[in-house]
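Now for the letters of each chain:
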Amino acid sequence: MNNAACRRLLLIFVFLFFAGIFSPVLYAADKPNVLLVFVDDMGWGDFSCFGNTDASTPNIDKMASQGIRFEQFYVNSPICSPSRTAITTGCYPQRYRIGSYLARRELNKQRGIANWLDPEVVTLAKCLHNNGYMTGHFGKWHMGGQRDVDNAPAITEYGFDESLTNFEGMGPKLLPLTEVPDGQGGVKKGRIWGDAERLGGPHTWMLRSKITSGFVDRAVEFIDKAKTADKPFYINVWPDDVHSPYFPSVDRWSRNKREIYLGVLEEMDQQFGRLFSKVKDDPKLANNTLILICSDNGPEHGAGSAGPFRGGKVMLYEGGVRSSLIAWGPGLLEKSKAGKVNTKSIFSAIDLVPSILDITGTAALPKADFDGENLASTLLGKSEKSRQAPIFFRRPPDRNSDSGVKNLPDLSVRDGKWKLLCEYDGSKVQLYDLDNDRSETKNLADKNPDIVKRLKGMLLVWNAKMPKDTGHLPENNRQE
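Residues numbered from 1 in each chain as written. Predicted model: local features only at pLDDT ≥ 70, side-chain atom pairs only at ≥ 80, totals over all residues. Heavy atoms only, no water.

**Re the pattern of salt bridges**
Taken as a whole, this structure holds 33 salt bridges when the rule is applied. Taking the shortest distance from any N to any O, the salt bridge between aspartate 282 and lysine 227 comes out at 2.5 Å. One end of the pair, aspartate 282, is in the loop between helix 8 (257-280) and helix 9 (283-286); the other, lysine 227, is in helix 7 (residues 211-229), and 55 residues separate them in sequence. The partly exposed category is assigned to lysine 227, whose relative accessible area is 42%. (Salt bridge = Lys/Arg side-chain N within 4 Å of Asp/Glu carboxyl O. Helix = DSSP H or I, 4+ residues; strand = E, 2+ residues; numbered from the N terminus. Buried < 20%, exposed > 50% of the residue type's maximum accessible area, 1.4 Å probe, protein only.)

**Some remarks on the sheet that holds strand 5 (residues 173-181)**
Pairing is mixed in the open sheet, where three strands are placed in the order 6-5-7. Of all the strands in the sheet, the pair left with one neighbour each is strand 6 (187-191) and strand 7 (203-207). Here the average twist between neighbouring strands, direction ignored, is 25°. The sheet strands contacting helix 7 are strand 5 and strand 7, and the helix crosses strand 5 at an angle near 150°. (Pairing = 2+ DSSP bridges. Axes fitted to C-alpha atoms, helices over the stretch in contact; angles between N-to-C directions. Contact = heavy atoms within 4.5 Å.)

**Some points on the side chain of threonine 123**
Position of threonine 123 among the secondary structure elements: in the loop between helix 5 (105-111) and helix 6 (124-130). A polar atom in the side chain of threonine 123 sits 3.0 Å from the backbone nitrogen of lysine 126. A polar contact is formed between the side chain of threonine 123 and the backbone oxygen of tyrosine 158, at a distance of 2.7 Å. Sequence-distant contacts of threonine 123, that is, excluding residues within four places in its chain, are made with Thr88 and Tyr158. (Polar contact = N/O pair within 3.5 Å; in protein donor to acceptor, adjacent residues only side chain to side chain.)

**With respect to unusual backbone geometry**
Of the consecutive residues glycine 201 and proline 202, the connecting peptide bond is found in the cis state with omega at 5°. By the element assignment, proline 202 lies in the loop between strand 6 and strand 7. Of the consecutive residues aspartate 241 and valine 242, the connecting peptide bond is found in the cis state with omega at 10°. Tracing the backbone through its elements, the reader meets valine 242 in the loop between strand 8 (233-238) and helix 8. In this structure, aspartate 41 is a non-glycine residue whose phi angle is positive, near 65°. Assignment of secondary structure puts aspartate 41 in the loop between strand 1 (33-39) and helix 3 (58-66). Residue class for aspartate 41 comes out buried when judged on its relative accessible area of 1%. In this structure, histidine 142 is a non-glycine residue whose phi angle is positive, near 60°. Within the secondary structure layout, histidine 142 lies in the loop between strand 3 (134-139) and strand 4 (162-164). Exposure remark for histidine 142: the relative accessible area of 2% places this residue in the buried category.

**Considering the packing of helix 7 against helix 8**
Look at helix 7 against helix 8: their axes get within 8 Å of each other, and the N-to-C directions meet at 5°. Classified by the angle their axes make, helix 7 and helix 8 are roughly parallel. Contacts from Ile211, Thr212, Ser213, Val216, Asp217, Ala219, Val220, Ile223 and Asp224 of helix 7 reach helix 8 at Met268, Gln271, Phe272, Arg274, Leu275, Lys278 and Val279. (Parallel < 35°, antiparallel > 145°, perpendicular 65-115°, else oblique.)

**As for the environment of serine 48**
Turning to its location among the elements, serine 48 is positioned in the loop between strand 1 and helix 3. Separated by 206 residues in sequence, serine 48 and serine 254 have C-alpha atoms that sit 21 Å apart. Setting aside its immediate chain neighbours within four residues, serine 48 contacts Ala55, Ser56, Thr57 and Asp61. Of the polar contacts made by the side chain of serine 48, one reaches the side chain of aspartate 61; its length is 2.3 Å.

**Points about the packing of aromatic side chains**
Under the definition given, this model contains 17 aromatic pairs. With centroids separated by 5.0 Å and ring planes inclined at 90°, the aromatic side chains of tryptophan 44 and phenylalanine 309 adopt a geometry described as edge-to-face. On the criterion of sequence distance, the pair formed by tryptophan 44 in the loop between strand 1 and helix 3 and phenylalanine 309 in the loop between strand 9 (289-295) and helix 10 (318-321) is long-range, its members being 265 residues apart. What makes tryptophan 44 buried here is its relative accessible area of 6%. For phenylalanine 309, a relative accessible area of 7% corresponds to the buried category. When the ring centre of tyrosine 317 is taken as reference, the NZ or CZ atom of arginine 310 above it lies at 3.9 Å. (Phe/Tyr/Trp six-rings, centres within 6.5 Å; stacked < 30°, edge-to-face > 60°. Lys NZ or Arg CZ within 6 Å of the ring centre and 35° of its normal.)

**Focus on helix 13 (residues 449-465)**
With 17 residues, helix 13 should cover 24 Å at 1.5 Å per step; its first-to-last C-alpha distance of 24 Å lies within 8% of that length. All buried positions along helix 13 are accounted for by Ile451, Val452, Leu455, Leu459, Trp462 and Asn463. Buried residues of helix 13 fall within an arc of 110° about the axis and therefore sit on the same side. Pointing more than 90 degrees away from the buried face of helix 13 are the exposed residues Pro449, Asp450, Lys453, Ala464 and Lys465. (Expected span 1.5 Å × (residues − 1). Arc of directions from axis to C-beta.)

Interpretation in functional terms is not warranted from these geometric data alone.
This is the structure we're talking about:
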């Protein structure tokens, strides 16, 4: 081959390289890593960086001081299983007949919901795995495999290479041991959900007060595996904390529900420290990893705090569905936004899926049809764009009241500054201007009939398109 032919071949190679044809192979590990921390039952106002003066969360606060705090981020249900389905699939969870927490078979049937998430659905993990990512889920699952549902798909069937979960998932498990003062200077020991062993293993028993560290340890090991393999990673770290029953360390024990909750919250933050340090102390990881931290729904009554917002867990008011969100990634986020608070952008968990796919340069699988919108520029602090479509909600079918609040609204929609709530038939309308009344105290429905008509019309159409559950039946308006 003469010199001219060699130069032409070299130019072709350089062109193909910069066109990206060879880059997925040569630079696989340079794709951004993603770590999603999904806290259980934590209120909007529970991190001290979101206003909690009763407890300190220094490790979370440090991430916020280097990242972006989002004040108008929503999850897509006020209860765990549907919220987890939404952030996993980028779709409204009602599409998959998951409208409340998954329980035993008979109760699921009574409420008209599935026993598990269909393993054929497109998930974020499947898309990323298809793009060369190592994928791991460590923590609570609760999308199949719980109580007497012992034939649900394994977590690894949803696109994960490895998993470690609690008593609400299929696959290897960490199960909780408890210690409480016995009132005589000693310690009383116990187990929670001891029959979870029947769902398969292997299972390891460890102190409930330390169990977040168990999931963190596995996540850290998985990060090391990905580094050794020179591959990017996507990891869920979804702790049991801060869900009841509350078992902080014995020296933090109290008979006051709020106090023991705060003990669990602070110990969870401490246990996350090792995970965050693993990424922050490694320059390559720190410059190429996006960490997202939020909660799956609002707080349990009498424990966590929704901050200035009305309501909490199981409610469609802001306290039930608005979540504190922190995005951290010094090498990925707009540098001028480090430590800033985004008070304007309105988006939700279903939007995280297409946004993360964009950030990682990942194509959606062919069958994907997300309800979420791509807001990668917002997540990275490059804009303050909100999602264009409204955000719709349906209450869990078995939760028509909670903590003394009767006849909770069945449906709600957030569109711009407006929030509308109503019954399944469109009656009992409540309308709030969240720009001026974020605590939902002044019902403006009578003064804005045109806005009510528009929002209620969209909401009822959306609800009619979703598979039905049995929430409208009186016998299913129950507590469990």
